[in-house]
Every structure is written in structure tokens, then in C-alpha cells.
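Fold and geometry: a report
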There are 2 protein chains.
Amino acid sequence: MNFILLSGGSGKRLWPLSNDIRSKQFIKFFKTNGGNYESMAQRVYRQIRTADSEASITIAAPKTQLSVLHNQLGENISISIEPCRRDTFPAIVLATAYLHDIQGISETESVVVCPVDPYVDDAYFLTLKKMCEQAGRGAANLVLMGIEPIYPSEKYGYIIPQSRGEISGVSAFREKPDAETAAAYIRQGALWNGGAFAYQLGYVLRRAHELLDFKDYYDLLIKYETMPKISFDYAIVEKEPSIQVMRYSGQWKDLGTWNTLTEAMTETITGKSILNENCANVHIVNELDIPILAMGLRDVVISAGPEGVLVSDKEQSSYIKPFVDTFNQQVMFAEKSWGSYRVLDVGIESMTIKVTLHAGHSMNYHSHKARKEVWTVISGTGWAVIDQKRRSICSGDVVELPIGCCHTAIAESELQMIEVQLGCEISVQDKQKHPISYDRIIAIANKETTNGY
Amino acid sequence: MNFILLSGGSGKRLWPLSNDIRSKQFIKFFKTNGGNYESMAQRVYRQIRTADSEASITIAAPKTQLSVLHNQLGENISISIEPCRRDTFPAIVLATAYLHDIQGISETESVVVCPVDPYVDDAYFLTLKKMCEQAGRGAANLVLMGIEPIYPSEKYGYIIPQSRGEISGVSAFREKPDAETAAAYIRQGALWNGGAFAYQLGYVLRRAHELLDFKDYYDLLIKYETMPKISFDYAIVEKEPSIQVMRYSGQWKDLGTWNTLTEAMTETITGKSILNENCANVHIVNELDIPILAMGLRDVVISAGPEGVLVSDKEQSSYIKPFVDTFNQQVMFAEKSWGSYRVLDVGIESMTIKVTLHAGHSMNYHSHKARKEVWTVISGTGWAVIDQKRRSICSGDVVELPIGCCHTAIAESELQMIEVQLGCEISVQDKQKHPISYDRIIAIANKETTNGY
């Protein structure tokens, strides 16, 4: 099967654990059988591999997610990188063109698109497979998944099928209704639209060329910023006469709010947390190093991380976005392809961060115009490269990086450093990358020198 | 008036803001007219100075509180330092001997003892003054304050007076009763015992010499560790026939739990905090740098600081102690006479802290057996003294302190540094102080040298 996994959204509704660069699909909420924690993206990726070990999976994602995708899913994944945000129609067209022009998949092969983060059991992927087969037979241009509703939700779109059979034509689509209207739809046999569908690759390419001005994948990539902001549903689905819906009745949850997310969590507390015996229906998700003690609470979610602390009645936790928008806060923690960093202290003309570099990785070779930096290595071994000279470093070493010097660090074993940034204007924008290949950096790092530099 | 203010307790009941070295009386909860925040100790000290600008105030405190007392109340306060904890009888005797032998107060002068942290209005101090005058007249050996109860509390001791007059003999003392018994006491006219009393200095000295084996203040200080752990109530008050109680009906609150404390706070939120419109009777006290968002809560206190986060139903917040005892946590923040420090990161063989030195202050001249340290100065100016050589330092400078070197820093203007500690066994116990006078340190710091050291 050819999968396109749509990885979107900045996801402030799971603040403080999601932020502008850490979307909800990358937060590690779920305990695996092995005892580790995995994110929604990791869970879905693993489930697809289990359902079909031969599956070809391409992730359609904005370039800001590149680091975390590699970090969580490995270096060898296939990603259709969106240079900027342009809604789902351009994103799906770009990924489809990527499958055709880069991966050489033919126009008659089936493709299935689904979100990167539904909370589902393995039956979901069997239904996707059947949808793929149905599209492959050419029975319809588009085969949608229709999820049997379990309550009259106001959050989802509805598909009204022509029949109650497993596969059916579509008589209408309905936008997010109020609860009463939703209940009426459900009495008519309506299904939730969970955003998963299958098609033959050539169909979407043809429709795309009718609607958008581009030649091939490379041309679309260059012109991507000029593409219209329009959803796939609006551009294609709702206008398509040859369309079918396949019914799915297994587990399906959209874990987009703390309320729904905590329902799916197997553990009531994660991290350093204590609930006293008078708490009922309370969840704590604690990513801080310090303990949380909850006493005498009912129907509450507590979530704490480097960006802040949320304490909310579970029902009301769906309404956090406008409050979170007022924070306009600095990103305090980020996962990168090479490791991660965490802000420890923000001063008036200084910032202190903890940097972790995975073994065998290096940061970009870069310089700063308006700040010096001081690294104190607290664990691991590796090299610092400064203005093309290298020096080996290990725990206890101090490296001073004057304003303007080009520098990087390379981890031999996992390397942790306390980085103190010092200057009048400290900004993430003040970073000049100096293109140099990883091989060249490694060559410098391996060069024999006598004393440090 | 001669005041002895008793400053006791480690106060885990206000966790996470109180800890083993930061007692509740030193947390800055109260907004003053000037817009600054003051602690309970600062508030009471200021109230006494307002009621009687000539008052002689001595604070009876364990030596662990020395730094914070000077930090909050100034360098010129009078402190009777308890070398170790020995309950209130030895503490009051030591302070009384200090008044006699160090301050030269005569045996016929009156002394009033009260806790350092009652939440009261100014009328309280007028009553203390009347108690002092009553003791001075020799009407009784001890004059206690009896507080008119406002509810049948189970937390306080009760004094049963002989009459309902402003001043009365005492017919009995009652230990903390259950609520029903307390209500019966109150119907009999009982008063709360708030731990404030007055006496002529010579009376307590005579009783002390009858019960304890010591010559004078200096002798008692040396023998302090051998003194019995016994309360003043038990040793003296309950056995004294010549005793009176003076009635007080003004404001008096014991702010020992989050529930009572938040009742006295003028602001519902302190620090970076947001309550949504569906919160009722919710208080947030946030000492972290990150925001707290509370939604849809009722009767809840949220308190967050470097040691942890408490989210509790207000009623139940009185019962936190057993849970807090299980944390057994490292102290993450401390105020010292010279400034403060805060732990930013704890690694396997490293610890990173932020040190703030007040202008004109220095830390102890000391060394470590098992760790090196690296300072990166992030603001201010001053000097580092290492093995008796000095070097001037300012923002951006890096100072490496090898294992075993003797070192200190002196702040010219307020000095902030990131200190990275590195070693196999990092412990607060690994600190060897090297006695050297402050004058000598300053002399070294002022010595002209040519290049750094």
C-alpha cells in the first residue's frame, strides 16, 4: 500500500506540551508494551508497519517538522516537505506528485491518505487496505472512510451515505453541525468524516493539473508559495460525482484536546506526580523535573512542561486556545534531528540552555552576529569545530565562542552541554548557517592535531 | 518595649514554597502599599516598629535562618542564635539571657514574647504593650494573651479565664480539643492561646536557673545541645500559680496552611497566572518563570515554585505534610545573606545553578574536594578571588575553578553567574570553608594587579 500521512497543525489545544514547533502528534503520551513512551505519530507509523510490512509510507509535513520527524521515526523515512503552509489540497497534490516523480509510482496504483495522529486499533488499517483495493478496482474516483458515530459531536464533518451497506455512494456532505442537527444526521445514518480516503494516483494528478498551474513535482515545489490556501475536501471531494464511502466501526478517536487525550491514556499520572486518595477522574502529565501533588480534585487535568502549567476542568480544557494565544511565549524546549535543547534561564542580556547532541550527530555549522557563547560540557565526548579548527571535548571542558566565529559541536558519545549565550540582543533569528558538508566537518574532526585546536 | 520574636519551624505545610531551609515566615506573600511584596516576618517586624519606634527587638532563631533574617530584615538586627533545635523553653531562656547579659537589660524590665508570624492588625501590638505594663507592675509573674475565638478550632490550645474581664486570672489550660469539646470550652468563655506572653526578665531567669544547669548566656550557648527538648508552656506556664490572661478581640490569624493563607491574601493571583471566567474561589501563587492557566476550577489553591507544584482543594490543603515528606527532595532555591541561588539543572555528574550576589557582598571563601566549577558571569561586575589571587570579572567572563582551589566572588554591582558544578559526587556537604576576614578578601580584591590574576 502507498500511504500519505498528513502531519499538520501547530496544536495549541494541547498546551503546554504542544507549541509552535512541537505539534501534538509528536508528544510521547503512550506507554508501549516495552515500557517506553511513544508519540501519536510513532504509534500510527508502527501500526502501519505491523499491518503491512511492505507499505510505502510518505509523510506530508511542513519543513519545520523535519527534525522531529527524523528524530522520532528515523533517518530513512520518506517525507514530502512543504516549503510553507498551504492547507490540505496543495499538500496532498505535492505528496502525490512526489510519489509519482520521485518514487516512480504509476498512475494506476492506489494511494491512501490519512492523518498522522488518529487514535485507532489495527482494524482501522484493514479498512484503509480495503479502501485502497476498492479505489484500485476503479469503482469510484474517491473512496472515503465513514466512521460510525458514537455521539452527536459538533467537532466533525458528516458524510450522508446512500445506503447502510459496508460500501455505498454518497448523497451529501455536512459541515460541523450543532449537537441537535448532528443527532438528526445520525438518525439518517450519517457517518463521521475522519479525513481518510483512497484514490488512484493518476486521478489526483489530473484534477490537480486542471486546477493548479504546475508541470511536475519540482515545479510545484518551487511555486508552492503561490498555491491557493484551500482544503482537499473543498477543492476536490465535495465536487466529485464518482465517490464512495466505506464504513468503519472500530476504535477511532481524535485526541485533539486534553479531555479526549486523557481518556485514551492508560496511566492516570506520568512523570513525578502524586494524587491523594480524594482525587477522582484526575490526570497528571508532568514533563517538569519537579513533583506535582494533587489533592481533593475531581474531573481535572494537570499538564506541566517547560512552557507552562495547565490546571483545567476536563470539559473546559477544549477552550484553552484563546488564553494560550495571549502568552506569546518563547519556545522553551525543542527536539531537533541532532538532539534537543531546553531553556534553563532567561536573563536581561543572557540566555542559558541545555543542549543534548545524539551520538554521531552535529549541529549546523553557524555563527552569531550579536552574541558570544560559552559551552561547559557536562557529559559525553566529541569535538568542537571553531573557524575550521577542531578540538576534542569531554565532560568538564569549557569552550568560549566569540561573536562572529563559525562553530559546531559533534557528538562521539551523547554530548550534553550548558550553553550560556551573552549579548544585547539574543534572538533565534541571529544564526548564520555556513554551508559545509557533514563529511567535511567529520574530516576536520578526525584530523590529527597536537594541542586542542 | 523589649520584644523576643520566636522564629521556628521548617513549615512543610506551605510546600512547595516552604522547605527545610525556607520557613513559611520568610515567603513574600503580602503586597504592601508601595507595591512590593513582604514576608510574614517582615510584616510583623514593620508593625512593631510602627507601634513603637523605640522597641528593642530580638529574634530567637536557629542558625540556619541567619542568612534569610539578615537578607529580609537588614544587617543590624539583634538575633539570639540557637545552635540547634531545643523547643521553646531553652530558646526563650537563651534569648532572655541574651537580653540580660549582652544587651544589659535589667531583671525588673518587662519582656514580651510572641511568634514572628501572626497575621494581625496593629491593635495586637497595643495589647502586647498593655501586657508588658501589667507584667511590669508585678501583678503576676506571667501575663498571657487570650484571643477571643471565632470558631471551635481543633488546632489551638485554650485558656479558661476566671472572669470575662479584660484582665483575669487563669483557671485552667486545655490542649488541642476536638471540635465539640472546643465548642463547650468556648461556651465557658475560653480563649485561644496564641503563644504571646509578658514577664519581668528576672522571673524567667530565676525559673531557668531552678530547672536548667547553666551560669550565664555564654555558658548556656555552649551547653545548648545538652538542654532538654521541652516547651515553655509545659515547663513554665502550666506550673505557674501567679498568672493572668489579657483578652484580645482584634484580627488574629495563624497562616499556617494554604487554606488560611489564601484567605489573607489581597490578590487572587501572583506571578504569571491566568484564571478563566469559570473559576470560583481559586488562588494561584506562582514563583516559576512560566505561566499557569487555570480553567473551570472551584475552591482550589495552586502554588508553584522551584521545588514543585501543588494543586489542592483548599480544605484538603492542610493535609499535605505526609505527601511532602515522601519527596525528600533537594533544595532548589535558597536565599542567603549574600544573595540567592537557584538550581537550573541536575545531571548525573553535574549540577547547574544560577547565583545572585548582592552588591557589596561575597560568598564564603571555600573549596571543594570532589568537584570543579565553572562560572560564566551573565550580569554585573566584581572580583573572583582564587587561591588568594584576585581577578576582576564582568558579564561574559568565564572563571574555571579546579578541584581543591580556594575561591570566592565579590560583587561590586549585583553579580549574576551561571555556575556549572562537575564531579562524581556533588554534595552540599563538600564545602570546606577557609576562615578569612571580609576585610582581607576586600583587601585582596582591591590590590592592584596587572593582568587578571
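Once a new chain begins, its residue numbering starts again from 1 and follows that chain's sequence as written. Chain letters start at A and ligand numbers start at 1, both assigned in the order the entries are written. Thresholds applied to this predicted model are a pLDDT of at least 70 for local features of residues and 80 or more for the giving and counting of side-chain atom pairs; totals over whole chains, interfaces and linings are not thresholded and use all residues. In computing side-chain values, all of the structure's heavy atoms are included and hydrogens and water are not.

Observations concerning the overall build of chain A
Summing up its helical and strand segments, chain A has eleven helices and 30 strands in all. Taken along the three principal axes of its C-alpha coordinates, chain A extends 80 × 60 × 40 Å. Residues classed as buried in chain A amount to 56% of the 453 residues present. In chain A, the proportion of contacts linking residues at least 24 apart, taken out of those at least 6 apart, comes to 66%. Reported accessibility uses the Shrake-Rupley method at a 1.4 Å probe radius. Residues are deemed covered only where the shown protein chains occlude them. About 19000 Å² of surface is accessible on chain A, with carbon and sulfur atoms providing 49% of the total. By the criteria applied, helices consist of DSSP H or I runs no shorter than four residues and strands consist of E runs no shorter than two, each listed in order from the N terminus. Only protein chains enter the calculation, and the probe is 1.4 Å; a residue is then buried if its accessible area is under 20% of its type maximum, exposed if over 50%, and partly exposed in between. By definition, residues are in contact when any of their heavy atoms lie within 4.5 Å.

Notes on the relation of the copies chain B and chain A
Superposition record for chain B on chain A: RMSD 0.1 Å, screw rotation 180°, translation along axis 0.0 Å. Taken together, the turn and the small shift mark the pair as related by a two-fold rotation axis. Nearest to the rotation axis, the C-alpha of Leu344(B) is located 2.9 Å from it, this being the minimum over chain B. Looking at the interface residues of chain B, 100% of them are also at the interface in chain A, so both copies use one shared face. Superposing copies: least-squares fit, C-alpha atoms only, residues required to have pLDDT of at least 70 in both.

Quick word on the sheet that holds strand 14 (residues 269-270) of chain B
Here, any two strands with at least 2 DSSP bridges between them count as paired. Read from one edge of the open sheet, six strands run 15(A)-17(A)-19(B)-18(B)-16(B)-14(B), paired in mixed fashion. Edge strands, defined here as strands with exactly one partner in the open sheet, are strand 15 (273-275) of chain A together with strand 14 of chain B. For strand 14 of chain B and strand 16 (residues 280-286) of chain B, the ladder comprises two bridges, and the chain directions are parallel. Paired with Thr270(B) across the two strands is Val285(B), which belongs to strand 16 of chain B.

Side note on the environment of Ala135(A)
Residues and elements named next belong to chain A. Mapped onto the secondary structure, Ala 135 falls in helix 4 (residues 123-136). In this structure the C-alpha to C-alpha distance between Ala 135 and Phe 197, which are 62 residues apart in sequence, comes to 9.3 Å. The contact partners of Ala 135, leaving out residues within four places of it in the chain, are Ser 110, Val 143, Ala 198, Tyr 199 and Gln 200.

Quick notes on the nonpolar core
Working definition of a nonpolar core: buried Ala, Val, Leu, Ile, Met, Phe, Trp, Tyr and Cys residues. They are joined through side-chain atoms within 4.5 Å. Residues Leu297(A), Ile302(A), Leu297(B) and Ile302(B) are the most contacted members of the largest nonpolar core, which totals 70 residues. The contacts of Leu297(B), once residues within four sequence positions are left out, are Val300(A), Val311(A), Ser312(A), Asp313(A), Asn278(B), Cys279(B), Ala280(B), Val282(B) and Ile302(B).

Regarding the sheet that holds strand 24 (residues 372-379) of chain A
Remark on secondary structure: sheet strands pair via backbone hydrogen bonds, oriented parallel or antiparallel. All names here are of chain A. Read across the open sheet, the six strands follow the order 20-21-22-29-24-27; overall the sheet is antiparallel. This sheet does not close on itself; its edge strands, each paired only once, are strand 20 (333-336) and strand 27 (398-401). For this sheet, the mean angle separating the axes of adjacent strands, direction not counted, is 20°. As judged from the four bridges shared by strand 24 and strand 27, these two strands associate in the antiparallel manner. When the bridges of strand 27 are listed, Trp 375 appears paired with Val 399. Orientation is described by axes fitted as lines to C-alpha atoms, over the contacting stretch for helices, and by angles from 0 to 180 degrees between their N-to-C directions.

What to know about unusual backbone geometry
For residues other than glycine, phi is negative in most cases, and the peptide bonds are mostly trans. Residue and element names in this part refer to chain A. For the peptide bond that leads from Trp 15 to Pro 16, omega is 5°, which places it in the cis range. Along the chain, Pro 16 turns up in the loop between strand 1 (2-6) and strand 2 (28-31). One non-glycine residue, Asp 87, lies in the positive phi region at around 65°. By the element assignment, Asp 87 lies in the loop between strand 5 (78-82) and helix 3 (88-101).

A word on the interface of chain B and chain A
With 51 residues of chain B at the interface, the matching set in chain A holds 51 residues. Put simply, buried area is the surface a 1.4 Å probe can reach on two separate parts but cannot reach once they are joined, added for both. Carbon and sulfur atoms supply 69% of the area buried between chain B and chain A, which totals about 4100 Å² over both sides. It is Leu293(B), Met295(B) and Val311(B) that lose the most area in chain B upon contact with chain A, and together they represent 16% of the buried surface on that side. A salt bridge links Asp345(A) to Lys354(B); the shortest N-O distance between them is 2.9 Å. Distance and chemistry together define a polar contact, namely a pair of N or O atoms within 3.5 Å, with one atom able to donate a hydrogen and the other to accept it when in protein, and with adjacent residues in sequence counting only for side-chain atoms on both sides. Counting the contacts that link chain B with chain A gives 20 residue pairs in polar contact (both at pLDDT 80 or more). Broken down by element, the residue count for the side of chain B that touches chain A peaks at six residues, all from strand 19 (residues 308-313) of chain B. Three classes are used: nonpolar for Ala, Val, Leu, Ile, Met, Phe, Trp, Tyr, Cys and Pro, charged for Asp, Glu, Lys and Arg, and polar for all others, with Gly counted as polar. Of the residues belonging to the side of chain B that touches chain A, the class tally is 30 nonpolar, 14 polar and seven charged. Alignment of strand 17 (residues 292-295) of chain A against strand 19 of chain B, held across four bridges, turns out to be parallel. The residue of strand 19 of chain B that forms the bridge with Met295(A) is Ser312(B). Take a side-chain nitrogen of Lys or Arg and a carboxyl oxygen of Asp or Glu: if they are within 4 Å of each other, that pair is a salt bridge.

Some remarks on the packing of helix 3 (residues 88-101) of chain B against helix 6 (residues 201-211) of chain B
Residue and element names in this part refer to chain B. With their axes 10 Å apart at the nearest point, helix 3 and helix 6 run at an angle of 125° to one another. Between helix 3 and helix 6, the angle falls in the class oblique. Helix 6 is crossed by helix 3, and the crossing has left-handed handedness. Along the contact surface, helix 3 presents Phe 89, Val 93, Thr 96, Ala 97, Leu 99 and His 100, while helix 6 presents Leu 201, Val 204, Leu 205, Ala 208 and Leu 211. Classifying every residue of the contact of helix 3 with helix 6 gives nine nonpolar, two polar and no charged. Roughly parallel refers to an angle under 35 degrees, roughly antiparallel to one over 145, roughly perpendicular to one between 65 and 115, and oblique to any angle outside these ranges. Should the near helix be turned anticlockwise from the far one by less than a right angle, the crossing is termed left-handed; should it be turned clockwise, right-handed.

What to know about the pattern of salt bridges
Residues and elements named next belong to chain B. All chains considered together, the criterion is met by 30 salt bridges over all chains. The salt bridge involving Asp 289 is made with Arg 342; its shortest N-O contact spans 3.7 Å. One end of the pair, Asp 289, is in the loop between strand 16 and strand 17 (292-295); the other, Arg 342, is in strand 21 (residues 339-346), and 53 residues separate them in sequence. For Asp 289, a relative accessible area of 43% translates into the label partly exposed.

Digging into the environment of Arg342(B)
Residues and elements named next belong to chain B. Note on Arg 342: relative accessible area 22%, which makes it partly exposed. When the C-alpha atoms of Arg 342 and Ile 418 are compared, they prove to be 9.8 Å apart, with 76 residues separating the residues in sequence. Excluding residues that lie within four positions of it along the chain, Arg 342 makes contacts with Leu 288, Asp 289, Pro 306, Met 332, Phe 333, Thr 352, Ile 353 and Lys 354.

Here we look at the side chain of Glu38(B)
All names here are of chain B. Tracing the sequence through the fold places Glu 38 in strand 3 (residues 37-39). Judged by relative accessible area, Glu 38 falls into the buried class, the value being 9%. Reaching out from Glu 38, the side chain makes a polar contact with the side chain of Arg 46 at a distance of 2.6 Å.

What about helix 4 of chain A?
Here helix 4 of chain A contains 14 residues, and its C-alpha end-to-end distance of 20 Å stays within 8% of the 20 Å for a straight helix at 1.5 Å per residue. All of the buried residues in helix 4 of chain A are Tyr124(A), Phe125(A), Thr127(A), Leu128(A), Met131(A), Cys132(A), Gln134(A) and Ala135(A). A helix is expected to span 1.5 Å multiplied by its residue count minus one.

Quick word on the packing of aromatic side chains
Residue and element names in this part refer to chain B. Any two rings among Phe, Tyr and Trp, with Trp reduced to its six-membered ring, count as a pair given centres within 6.5 Å; such a pair is stacked if its planes are under 30 degrees apart, edge-to-face if over 60, and tilted if neither. Throughout the structure, instances matching the rule amount to 32 aromatic pairs over all chains. Between Tyr 156 and Trp 252, the ring centres sit 5.2 Å apart and the planes meet at 70°, which makes this aromatic pair edge-to-face. Here Tyr 156 is found in the loop between strand 8 (142-147) and strand 9 (157-161), whereas its partner Trp 252 is found in strand 13 (residues 252-254), with 96 residues between them in sequence. For the pair formed by Tyr 156 and Trp 252, the shared burial category is buried. For the pair Phe 197 and Phe 232, a centre-to-centre distance of 4.7 Å together with 5° between the ring planes defines the contact as stacked.

What to know about the confidence of the model for chain A
Detailed reading of the predicted coordinates is not advisable wherever pLDDT falls low. Residue and element names in this part refer to chain A. Confidence scores per residue from the predictor, reported as pLDDT, run from 0 to 100. Taken over all residues, the pLDDT of chain A has a mean of 91, while the share at 70 or more is 96%. Here residues 448-453 is a poorly scored stretch, pLDDT under 50, and it has nine contacts once near neighbours within four places are set aside; other chains count. The complex prediction reports pTM at 0.81, with the ipTM value standing at 0.81.

Points about the pairing of strand 6 (residues 110-115) of chain A
A large share of strand 6 of chain A lies buried, amounting to six of its six residues. Burial along strand 6 of chain A is two-sided: Ser110(A), Val112(A) and Cys114(A) facing one way and Val111(A), Val113(A) and Pro115(A) facing the other are all buried.

Focus on the state of the cysteines
Whenever a pair of cysteine sulfur atoms sits within 2.5 Å, that pair is classed as a disulfide. In total, this model carries zero disulfides over all chains according to the counting rule given. Free cysteine: Cys279(A), not disulfide-bonded; nearest cysteine sulfur from Cys279(B) at 16 Å. The thiol of Cys424(B) is not disulfide-bonded; the next cysteine sulfur, from Cys394(A), is found 12 Å away. On the basis of relative accessible area, Cys424(B) is assigned to the exposed category, the value being 64%.

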